[in-house]
Amino acid sequence: KATYLHSIRLEKINSKNTQKAALVELDPKSELDNSSIQQIIYDWGGINSYSYDIAYNMGQILCELNDESMPTPRFFAITEQRSNFNKLVPENILALAETSSMKGNVINIDFLETNMDQAYNAKNAKFQHIGTTMLDYLKTLFSGKTLELNATNESMSFYIKNGFVKKSGNFNRLMFKA
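What you see is a predicted model, and the numbers here were worked out from it, not measured in a lab.

### Side note on helix α3 (residues 130-141)
With 12 residues, α3 should cover 16 Å at 1.5 Å per step; its first-to-last C-alpha distance of 16 Å lies within 8% of that length. For α3, every residue scored as buried is listed here: Ile130, Gly131, Thr132, Thr133, Met134, Leu135, Leu138 and Lys139.

Encoded structure:
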């Protein structure tokens, strides 16, 4: 079952209004959490989406197939759901992130994905800045640590706009001192 971490406010599109939502940590050993993530894969782009990778990694832990020598990843979601986190409603999940601890004080953001139906330019989108909201809470959660990630060419400007800088010697590697 997902663990409630924090109440958040999401900005509505073309409005100064906000709506309450929740940041939760998913339990990769929970069949219910795995089932919820499995259900959103095809709505979010199928096997080419980061949600597929997140679901795969959670499933590895659930089935105890993960490499014990590697750090155990942590999984987070932003959901419109504000209670009953025993069973996340897939349609209410707006963003997913996977992180893992690296050497020292470094946290790697392995994946971050938002529901494309809620992307700013999507026809029926209700919210804006969902990805930024997820990043802001990861920065808060891992305060005092350095966040690192490998950005795609398409996502590079998003992360730089959110305070990440290029790590020297590596074109796609970005970092943020939280």
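### Description of the packing of helix α1 (residues 31-40) against helix α2 (residues 50-62)
Taken N-terminus to C-terminus, the directions of α1 and α2 make an angle of 155 degrees; their axes are 9 Å apart at the nearest point. In terms of orientation, α1 and α2 fall into the roughly antiparallel class. Crossing geometry of α1 relative to α2 is assigned as left-handed. Between α1, through Glu31, Asp33, Asn34, Ile37, Gln38 and Ile40, and α2, the contact on the second element is made entirely by Ser51, Ile54, Ala55, Met58, Gly59 and Leu62. Classifying every residue of the contact of α1 with α2 gives 6 nonpolar, 4 polar and 2 charged.

### Structural notes on the nonpolar core
Ranked by size, the top nonpolar core spans 26 residues in total, and within it Leu10, Ile78, Ile109, Met134, Leu138, Tyr159 and Phe164 carry the most contacts. Considering every element that reaches this core, the biggest residue donor is α3, with 4 residues. Non-local contacts of Ile109, meaning those with residues more than four positions away in its chain, are made with Glu98, Thr99, Leu135, Leu138, Leu147, Glu148, Leu149 and Phe164. With 19 residues, the next largest nonpolar core counts Leu26, Ile37, Ile40 and Ala55 among its residues.

### Brief notes about the pattern of salt bridges
Applying the stated criterion across every chain, the model contains 5 salt bridges. Among the salt bridges present, the one from Lys167 reaches Glu148, with a minimum N-O distance of 3.0 Å. Of this pair, Lys167 sits in the loop between β8 (165-166) and β9 (173-177) while Glu148 sits in strand β7 (residues 146-150), placing them 19 residues apart in sequence. By relative accessible area, Glu148 is classed as buried at 7%. Among the charged side chains, a salt-bridge network with shared partners connects Glu148, Lys167 and Arg173.

Definitions and cut-offs
Residues numbered from 1 in each chain as written. Predicted model: local features only at pLDDT ≥ 70, side-chain atom pairs only at ≥ 80, totals over all residues. Heavy atoms only, no water. Helix = DSSP H or I, 4+ residues; strand = E, 2+ residues; numbered from the N terminus. Expected span 1.5 Å × (residues − 1). Buried < 20%, exposed > 50% of the residue type's maximum accessible area, 1.4 Å probe, protein only. Axes fitted to C-alpha atoms, helices over the stretch in contact; angles between N-to-C directions. Parallel < 35°, antiparallel > 145°, perpendicular 65-115°, else oblique. Left-handed = near helix turned anticlockwise from the far one by under 90°. Contact = heavy atoms within 4.5 Å. Nonpolar A, V, L, I, M, F, W, Y, C, P; charged D, E, K, R; others polar. Core = buried A, V, L, I, M, F, W, Y, C linked by side-chain atoms within 4.5 Å. Salt bridge = Lys/Arg side-chain N within 4 Å of Asp/Glu carboxyl O.

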